[in-house]
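These are the residues of each chain, in order.
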Amino acid sequence: MGAAKEKGGAPSSAVKDAMSTLAEELLTRNLVESRPAIEGRERVEIFRGQDLLAYLSEHPEAVAKALPNAAKNSSSAAEQAKTLATLMLKRGLFTRSERLFKKPKPGKQRLTKFPRKVFYCQDQAFAEGAFFTWKVQRPATPWVAVGSYLLVLLVIACCLFPLAPFKVKQGVFYTSLTMLSAIFAIVGFRCAVYALIWTVAGKYVWIVPNLFADNVPITEVFSPFVEEEKNKHGKPYPAPALSKRIVAVAGLLYLLWFSYRNTPEKGYGAKLRSSSDNLFDYLLEHGSLNRRIQDDSANTGGGDDAAKDSDAEFAEAVIQEEAGGDGGDGHDEL
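These remarks concern the structure in this document. (Residues numbered from 1 in each chain as written. Predicted model: local features only at pLDDT ≥ 70, side-chain atom pairs only at ≥ 80, totals over all residues. Heavy atoms only, no water.)

### Quick notes on the overall build of the protein chain
Across its full length, the protein chain carries ten helices and seven strands. Contacts spanning at least 24 positions in sequence make up 58% of the contacts within the protein chain whose residues lie at least 6 apart. Element-wise, carbon and sulfur atoms account for 61% of the exposed surface of the protein chain, whose accessible area totals about 23,700 Å². (Helix = DSSP H or I, 4+ residues; strand = E, 2+ residues; numbered from the N terminus. Contact = heavy atoms within 4.5 Å. Areas by Shrake-Rupley, 256 points an atom, 1.4 Å probe, with all protein chains shown as cover.)

See below:
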């Protein structure tokens, strides 16, 4: 009785392992097309039910390994595939989900193949045309370990940055300054074009509107390149009168100019400005000092002792010049 109940009741642990193994292979080996999506506040991977049935129907040997003996009475491979998919759904290997946005984006005629945002569906019955969210965890790739080691090395390099050679500091400084300048240039250009078009034509037009969107894949950041903002009905937002737009832009420009002209000499803004000035002075002084030392070493052509003496002389000369400059300024003030 007990053995019969075990055979006719819930499947054994071996069947469970085979079914879980099949789900992991479908996800990790991309046997069923899966795409990243957002469900609530969690990043997940989704797939279509028709893709799963198509794969299982074409590979009956995979179905035979994972399907319990009691469920192999179906006549066709398609029915066995649907039975296995239903059992996998009941086991919690994936859950049914639905699109968060049921209508196409403004300016597009049809929905995308895979939505970027989904939500948990109350009806957990398997359907061929539905979307499903994987609950199987994708195993960590070797790149995760490589990234962890690189992160540790980066932290160590940041701690040792004060001891780094001057060339390294200079390279880090100019690289960071270039990246920061590029970001501010892009943001400023987008805002300037937006303000110009809004002031002249009254249109809410953005260049690269998906530049800072976190729900858009990186391959679609520049698509579309230019887009006008529209409401949920697909119509452009109404703009205020031309005179009000001009007054608004003029007031904003005056506020920026006034803030720049009246920057406080004390406080956080002054400290930030003095820090940047000190950093520029540090780079200029050390750069000129290194060039003078190298030129003197090349001209003298002496040995290591001569180079060391010249380095010490130039360093002492720079220190005396700075001390003399500070003393002269103080004398003038007195």
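### Side note on helix α7 (residues 166–201)
Look at α7: 52 Å from first C-alpha to last across 36 residues, which is about the 52 Å you get at 1.5 Å a residue. Buried within α7 are the following residues: Phe 166, Lys 169, Phe 173, Arg 190, Val 193, Tyr 194, Trp 198 and Thr 199. (Expected span 1.5 Å × (residues − 1). Buried < 20%, exposed > 50% of the residue type's maximum accessible area, 1.4 Å probe, protein only.)

### Some details on the pattern of salt bridges
Inspection of every chain in the model, using the stated rule, returns seven salt bridges. Taken together, the salt bridges that share partners define one network made up of Glu 33, Arg 35 and Lys 113. (Salt bridge = Lys/Arg side-chain N within 4 Å of Asp/Glu carboxyl O.)

### Digging into a nonpolar patch on the surface
On the surface, Trp 143, Val 146, Leu 150, Val 152, Leu 153, Ile 156, Leu 160 and Leu 163 cluster together into a nonpolar patch covering about 890 Å² of accessible area. Within the secondary structure, Val 146 is located in helix α6 (residues 142–159). Residue class for Val 146 comes out partly exposed when judged on its relative accessible area of 37%. (Patch = residues over 30% accessible without salt bridge, like charges linked within 9 Å, V, L, I, M, F, W, Y side chains within 5 Å.)

### What to know about the packing of α7 against helix α8 (residues 242–261)
One way to put it is that α7 packs onto α8 with a least axis distance of 8 Å and a crossing angle of 150°. Taken together, the axes of α7 and α8 lie roughly antiparallel to each other. On α8, the residues touching Trp 198, Thr 199, Val 200 and Ala 201 of α7 are Leu 242, Arg 245, Ile 246, Ala 248 and Val 249. Residues belonging to the contact of α7 with α8 are distributed by class as follows: seven nonpolar, one polar and one charged. (Axes fitted to C-alpha atoms, helices over the stretch in contact; angles between N-to-C directions. Parallel < 35°, antiparallel > 145°, perpendicular 65-115°, else oblique. Nonpolar A, V, L, I, M, F, W, Y, C, P; charged D, E, K, R; others polar.)

### Observations concerning the packing of aromatic side chains
For the coordinates displayed, the defined rule picks out 13 aromatic pairs. With 5.2 Å between their ring centres and 90° between their planes, Phe 47 and Phe 94 make a pair best called edge-to-face. Of this pair, Phe 47 sits in strand β2 (residues 42–48) while Phe 94 sits in strand β3 (residues 94–99); the two residues are 47 residues apart in sequence, bridging distant segments of the chain. Comparing Phe 47 with Phe 94, the two get one shared label, buried. Through successive ring pairs, a cluster of aromatic residues spans Phe 47, Phe 94, Phe 126, Phe 132 and Trp 134. (Phe/Tyr/Trp six-rings, centres within 6.5 Å; stacked < 30°, edge-to-face > 60°.)

### Observations concerning the state of the cysteines
All chains considered together, the criterion is met by zero disulfides. Between Cys 159, a cysteine without a disulfide, and Cys 158, which holds the nearest cysteine sulfur, the sulfur-to-sulfur distance is 6.9 Å. (Disulfide = S-S within 2.5 Å.)

### A few points about the nonpolar core
Core analysis: the biggest nonpolar cluster contains 27 residues, and Leu 52, Leu 84, Met 88 and Phe 94 have the highest contact counts within it. At the level of elements, α2 (13–28), α3 (49–58), α4 (60–66), α5 (77–90) and β5 (131–134) are the ones that each hand at least two residues to this core. Grouped together as the second largest cluster of nonpolar side chains are six residues, Ala 37, Val 44, Val 118 and Phe 131 included. (Core = buried A, V, L, I, M, F, W, Y, C linked by side-chain atoms within 4.5 Å.)

### Side note on the pairing of β2
One ladder, built from six bridges, connects strand β1 (residues 34–39) with β2; its direction is antiparallel. Looking at the pairing, Ala 37 lines up with Val 44 of β2. Following β1, the chain reverses through two residues before pairing antiparallel with β2; Gly 40 in that reversal takes a positive phi of roughly 70°. (Pairing = 2+ DSSP bridges.)

### Some words on the side chain of Arg 245
The residue Arg 245 is located in helix α8 in this model. An unpaired buried charge is present at Arg 245: no salt bridge exists, and Glu 228, the closest side chain of opposite charge, is 11 Å distant. Look past the residues within four positions of Arg 245 in its chain and what remains in contact with it is Trp 198, Thr 199, Val 200, Ala 201, Gly 202, Ala 239 and Pro 240. (Lys, Arg positive; Asp, Glu negative; His and termini not counted.)

### Comments concerning the sheet that holds strand β4 (residues 117–120)
Strand order around the closed barrel formed by five strands is β1-β2-β5-β3-β4, with mixed pairing between neighbours. Averaged over all adjacent pairs, the angle separating strand axes in this sheet is 55°, with direction ignored. Against the sheet, α3 touches β2, β3 and β5, its axis set at about 55° to β2. Its contacts with the sheet place α5 against β3 and β5, and it is angled at close to 95° to β3.

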